[in-house]
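Each chain is listed here by its residues.
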Amino acid sequence: MTEEVKRNRKIIMITVFAALFFVLILTALVINLVRLASLSSRENALREQLAALDRQIEANQSEIDYRKTDEYVDAYAREYLGMIGEGEISFVTGGQ
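Predicted model only: the values in this text are computed from it and were never measured. (Residues numbered from 1 in each chain as written. Predicted model: local features only at pLDDT ≥ 70, side-chain atom pairs only at ≥ 80, totals over all residues. Heavy atoms only, no water.)

Draft legend 1. Geometry of the overall build of the protein. Assigned secondary structure in the protein consists of 2 helices and 0 strands. In summary, the protein has a C-alpha radius of gyration of 38 Å against a globular reference of 12 Å for 96 residues, an excess of more than 25%. Counting over 96 residues, the protein shows a buried share of 3%. Of the charged side chains in the protein, 11 are positive and 14 negative, and the gap between their average positions amounts to 28 Å. (Helix = DSSP H or I, 4+ residues; strand = E, 2+ residues; numbered from the N terminus. Rg over C-alpha atoms; globule rule 2.2 N^0.38 Å. Buried < 20%, exposed > 50% of the residue type's maximum accessible area, 1.4 Å probe, protein only. Lys, Arg positive; Asp, Glu negative; His and termini not counted. Charge placed at Lys NZ, Arg CZ, Asp CG, Glu CD.)

What follows is the structure, encoded as structure tokens:
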């Protein structure tokens, strides 16, 4: 084999390996882009879920704050425990 044939073979081999490397890098890039899009979508869904949970926590905290008030305790005692306030008279109607 002559030097020129050897040189051409080297160039062809380098070109083939470079093309394979480029295809490999391009495949990895596409896979990572797909994964990134999927993770981005998941992140958005989790952010929405977090916002909904924050709203629920706020609503629950409002309910807890209300139930700590004397107004709630008084209303609960009257409605569910049949209690009356000091100096009040209880009337019972003839129900069925």
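Draft legend 2. Structural detail: a nonpolar patch on the surface. A cluster of nonpolar side chains, namely Phe22, Val23, Leu26, Leu29, Val30, Leu33, Val34 and Leu36, defines an oily patch on the protein surface of about 770 Å² accessible area. Its place among the elements puts Phe22 in helix 1 (residues 3–67). On the basis of relative accessibility, which here comes to 54%, the residue Phe22 falls in the exposed class. (Patch = residues over 30% accessible without salt bridge, like charges linked within 9 Å, V, L, I, M, F, W, Y side chains within 5 Å. Areas by Shrake-Rupley, 256 points an atom, 1.4 Å probe, with all protein chains shown as cover. Salt bridge = Lys/Arg side-chain N within 4 Å of Asp/Glu carboxyl O.)

Draft legend 3. Representation of the pattern of salt bridges. In this structure the tally under the stated criterion is 4 salt bridges. Across the salt bridge formed by Arg67 and Glu63, the nearest N and O atoms sit 2.8 Å from each other. Here the residue Arg67 and the residue Glu63 both occupy positions in helix 1, the gap between them amounting to 4 residues, near one helical turn. Close ionic contact of Asp74 with Arg78 constitutes a salt bridge, the shortest N to O distance being 3.2 Å. Of this pair, Asp74 and Arg78 both sit in helix 2 (residues 70–80), 4 residues apart, roughly one helical turn.

Draft legend 4. Representation of the packing of aromatic side chains within the structure. Within this structure, the stated rule accounts for 3 aromatic pairs. Where Tyr66 meets Tyr72, the ring centres are 5.3 Å apart and the plane angle is 70°; that geometry is what we call edge-to-face. Tyr66 gets classed as partly exposed once you look at its relative accessible area, which sits at 34%. Judged by relative accessible area, which is 19%, Tyr72 ranks as buried. (Phe/Tyr/Trp six-rings, centres within 6.5 Å; stacked < 30°, edge-to-face > 60°.)

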